[in-house]
Amino acid sequence: MATYLAFLRAINLGAVRKFGKADVLRVTQEAGFTGVETYLNTGNVRLETSMRSTAKIEAALEAAYLADRGFEVPTLVFTPAELREVHEAAGAVEHDGKHYVALLRDAPDPAAVDVLRQRCQPGERLEIGGRALHWLVGADGVHGTKITNNLIEKALGTVATTRNPTVVAEVCSRWC
């Protein structure tokens, strides 16, 4: 059995997309995964499976979550080594403002990242590190930027979910 780390997008953000930790744990186990653990209520999941394709794991989880919740739950799956690479890249970024990590289903096309960089405001920048986009903004955080998770997805043509480097570090510490 191999260990994988799953990150759920857009849960527990409003009144209609509730998916608590206990339910995520239950549904993931009912879908046939073992060694399931969760961290925080934002959709950070550790699981074990004999499957070797992250795409198949994502599809199985998304089908199970849709069946249980009645709404789509985009899910990104990383190996511990892939997440460790994202974490190490986050630690190498120097920036005085806020740092967000947009985990990506697919590695970004550098040309698409360059187009997205054109949307950055003064003092903002985007860096690729592992299968993630490191989104660096001013001290106001996302409130003063034109970059959003939805724009990242649209520009890069892939599913993305955003965490802060502290969460990525803690998930790595626990499960990598």
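The rules behind the values
Residues numbered from 1 in each chain as written. Predicted model: local features only at pLDDT ≥ 70, side-chain atom pairs only at ≥ 80, totals over all residues. Heavy atoms only, no water. Salt bridge = Lys/Arg side-chain N within 4 Å of Asp/Glu carboxyl O. Helix = DSSP H or I, 4+ residues; strand = E, 2+ residues; numbered from the N terminus. Buried < 20%, exposed > 50% of the residue type's maximum accessible area, 1.4 Å probe, protein only.

J.: Give me the pattern of salt bridges: which residues, what numbers.
T.: Summed over the entire model, instances satisfying the criterion amount to 13 salt bridges. Ionic pairing is found between Glu-153 and Arg-9, a salt bridge with its closest N-O pair at 2.8 Å. Linking Glu-153 in helix α5 (residues 149-156) with Arg-9 in the loop between β1 (2-8) and α1 (21-30), this pair joins segments that are 144 residues apart in sequence. Across the pair, exposure class does not vary: Glu-153 and Arg-9 are buried alike. As a salt-bridge pair, Arg-105 and Glu-58 come within 3.2 Å of each other at their nearest N and O atoms. On the criterion of sequence distance, the pair formed by Arg-105 in the loop between β5 (98-104) and α4 (110-117) and Glu-58 in helix α2 (residues 54-69) is long-range, its members being 47 residues apart. Connected through salt bridges with shared partners, the residues Asp-23, Arg-26, Glu-30, Asp-68 and Arg-69 form a single ionic network.

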